[in-house]
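Fold and contact review
Okay, here's what each chain looks like letter by letter:
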Amino acid sequence: MRHWRDPGPDPVRPGSPRHLHMFCQMLLHTHNPYKPAVIDWPPLTPDALRRVTSLPIWDIAVQTEGRASIRVRSFAATVRDPLLRQALEMDGAEEARHKDVLSKLVQAYGIALAPEPAYLAPDDPEWGWLLTGYSECIDSFFAFGLFAAARRSGFFPPELVDTFEPVIQEEGRHILFFVNWAAWHRRNLPWWRRPLYTAKVARVWLYLIWERIGIARGIDTDGMAQDANFTMNGSAMLGEALSPRTMIELCLEENARRMAGYDSRLLRPQTVPRLARWALRLLR
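Residues numbered from 1 in each chain as written. Predicted model: local features only at pLDDT ≥ 70, side-chain atom pairs only at ≥ 80, totals over all residues. Heavy atoms only, no water.

**What to know about the packing of aromatic side chains**
Note the cut-off: Within 6.5 Å between ring centres, the rings of Phe, Tyr and Trp (the latter by its six-membered ring) count as paired, and their orientation is classed by plane angle as stacked under 30 degrees, edge-to-face over 60, tilted in between. Strands here mean DSSP runs of E at least two residues long; helices mean DSSP runs of H or I at least four residues long; both are numbered from the N terminus. Relative accessible area decides the class of each residue, using a 1.4 Å probe on protein chains only: under 20% of the type maximum gives buried, over 50% gives exposed, and in between gives partly exposed.
By the definition in use, this model includes 15 aromatic pairs. Geometrically, the ring pair formed by Trp-129 and Phe-178 is edge-to-face, given 5.2 Å between the ring centres and 75° between the ring planes. Highlighted residues: Trp-129 in helix α5 (residues 125-153) and Phe-178 in helix α6 (residues 158-188), separated in sequence by 49 residues. Relative to Phe-156, the ring of Phe-155 has its centre 5.3 Å away and its plane inclined at 65°; by these criteria the two rings are edge-to-face. Per residue, the accessibility class of Phe-155 equals that of Phe-156, and both read buried.

**Comments concerning the layout of surface pockets**
One simple way to see leftover space: roll a probe sized like a water molecule over the atoms. Formally: Buriedness of a pocket was judged along seven lines, with at least five required to meet protein on both sides within 12 Å; pockets are open sets of points on a 1 Å grid over the protein atoms alone, cavities are sets where a 1.4 Å probe fits but cannot get out, and lining residues have an atom within 4 Å of a point. Grid points are joined across faces, edges and corners, and a volume is the space filled by probe spheres set on the points. Amino acids outside the nonpolar list (Ala, Val, Leu, Ile, Met, Phe, Trp, Tyr, Cys, Pro) and the charged list (Asp, Glu, Lys, Arg) are all regarded as polar, and Gly is one of them.
Size it by volume and the second largest pocket reaches roughly 470 Å³. Along the walls of the second largest pocket sit 20 residues, with Tyr-134, Val-179, Ala-182, Gln-270 and Thr-271 positioned nearest its centre. Those elements giving two or more residues to the lining of the second largest pocket turn out to be α5, α6, α7 (194-216) and α10 (271-282). For the lining of the second largest pocket, the leading source of residues is α6, giving five residues. For the lining of the second largest pocket, the per-class residue count stands at 14 nonpolar, four polar and two charged.

**Comments concerning the side chain of Arg-258**
Defined as follows: Identification of polar contacts relies on pairs of N or O atoms within 3.5 Å, with a donor-acceptor requirement for protein atoms, meaning one able to donate a hydrogen and the other able to accept it, and with residues adjacent in sequence counted only if both atoms are side-chain atoms.
Here Arg-258 is to be found in helix α9 (residues 244-259). A polar contact of 2.6 Å, which involves the side chain of Arg-258, links it to the side chain of Gln-169.

**Quick notes on the side chain of Asp-263**
Threshold: Throughout, a contact is declared for two residues whenever any of their heavy atoms are within 4.5 Å.
Here Asp-263 is to be found in the loop between α9 and α10. Judged by relative accessible area, Asp-263 falls into the buried class, the value being 1%. Looking at Asp-263, its side chain comes within polar contact range of the side chain of Arg-265, at 2.8 Å. Here Asp-263 is in contact with Trp-4, Arg-5, Asp-6, Met-22 and Arg-268, once residues within four sequence places are set aside.

**Points about α10**
Note the cut-off: How far a helix is expected to stretch is found by multiplying one less than its residue total by 1.5 Å. Starting at the helix axis, one direction is taken to each C-beta atom, and the arc is that of these directions.
Spanning twelve residues, α10 covers 17 Å between terminal C-alpha atoms, matching the ideal 16 Å at 1.5 Å per step. Every buried residue of α10 is accounted for by Val-272, Pro-273, Ala-276 and Leu-280. Viewed end-on, α10 has its buried residues packed into an arc of 95°, placing them on one side of the element. Along α10, exposed side chains directed more than 90 degrees from the buried face belong to Arg-281 and Leu-282.

**Comments concerning the confidence of the model for the chain**
Our working rule: A residue's pLDDT is the confidence the predictor assigns to it, expressed on a 0 to 100 scale.
Taken over all residues, the pLDDT of the chain has a mean of 89, while the share at 70 or more is 90%. Of all secondary-structure elements in the chain, the lowest mean pLDDT belongs to helix α8 (residues 230-237), at 49, while helix α1 (residues 17-29) reaches the highest, 98. For the stretch residues 219-230, pLDDT sits under 50, and the model shows 20 contacts to residues farther than four places along the chain or on other chains.

**Observations concerning the state of the cysteines**
Quick note on the threshold: Note on disulfides: each one is a pair of cysteine sulfur atoms within 2.5 Å.
Taken as a whole and judged by the stated rule, the model has zero disulfides. Here Cys-137 stays unpaired: no disulfide links it, and the sulfur of Cys-251, its closest cysteine neighbor, is 14 Å away.

**Thoughts on the nonpolar core**
Which entries qualify depends on this criterion: In these notes, a set of buried Ala, Val, Leu, Ile, Met, Phe, Trp, Tyr and Cys residues joined through side-chain atoms within 4.5 Å is what counts as a nonpolar core.
Grouped together as the largest cluster of nonpolar side chains are 80 residues, with contacts concentrated most on Leu-84, Phe-177 and Trp-181. When residues in this core are grouped by element, the largest group, 14 residues, is from α5.

**Quick look at helix α4 (residues 82-108)**
Counted at 1.5 Å a residue, the expected span for α4 with its 27 residues is 39 Å, and the 38 Å between its end C-alpha atoms agrees. Taking the backbone nitrogen of Leu-83 as reference, a side-chain oxygen 3.1 Å away marks Asp-81 as the first, capping residue of α4. Gly-110 lies just past α4 and shows a positive phi near 65°.

**Concerning the environment of Ala-143**
Among the structural elements, Ala-143 can be located in helix α5. C-alpha separation for the pair Ala-143 and Cys-251, spaced 108 residues apart in sequence, amounts to 7.8 Å.

**Examining the packing of helix α3 (residues 58-76) against α4**
To keep things clear, this is the line we draw: Axis lines are fitted to C-alpha atoms, over the contacting stretch for helices. Their N-to-C directions set the angle, which ranges from 0 to 180 degrees. Note on terminology: angles under 35 degrees are roughly parallel, angles over 145 are roughly antiparallel, angles of 65 to 115 are roughly perpendicular, and the others are oblique. We call a crossing left-handed when the near helix sits turned anticlockwise from the far one by less than a right angle, and right-handed when that turn is clockwise.
Taken N-terminus to C-terminus, the directions of α3 and α4 make an angle of 160°; their axes are 8 Å apart at the nearest point. In terms of orientation, α3 and α4 fall into the roughly antiparallel class. Along this stretch, α3 crosses α4, giving a crossing that reads as left-handed. In the contact of α3 with α4, the residues fall into 13 nonpolar, five polar and seven charged.

See below:
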């Protein structure tokens, strides 16, 4: 699931039928058929168990994957192209599997979760898909760095890191698929629909910024108090005194590493890494 290249040697124009075929095949061919029900969760020492159970992320992680699954599947149902629809259905199934993995993890280690909300299909399937895709572009970038910090610091035992690794890499595949879909989709819209689509994408980004400001203040999007400020202070929670600069550099390094194994003709996520590099200039 880490390495894939299209056998064709020619350049690929973003928005072309070949481009569509390539990013769909990437997702389909790199699918890892692991089953959450048979994952052998490693026993943890008392200290490791305390560290894992103390992380205030499990509620929001389970609910995020539950929402992502229904949003992706709802959008897939609107797509006519059979290959793209197949890839989207796999994406949605993998999101549902992430939720199953997290549910099995919290069950294995006795982590109590808040009651889950109902996961309702969005009224606008495209809005839900855009919200999920761009949200994962933000969250996965920081998750890559935080997961590496946890591995290097020993916050997570090596056995648990190895067990959870497929989920992290799947998120990398998902955002790679999404950014290529976004570029392909925009180029195939009629000219008169592009301004409305651009405005919708801008609304999505504004919503995500507002949502993350709420999380940073300890408030979720429903106004309930939450301790979900994971990406902001994750390095301290993971036992490493990482400066903001070091943390951003680690996120950039891990993002590049996780994207490196896929065909270089596929587009890479640019917005969040570009903002991270700008932040590094300010931190000098």
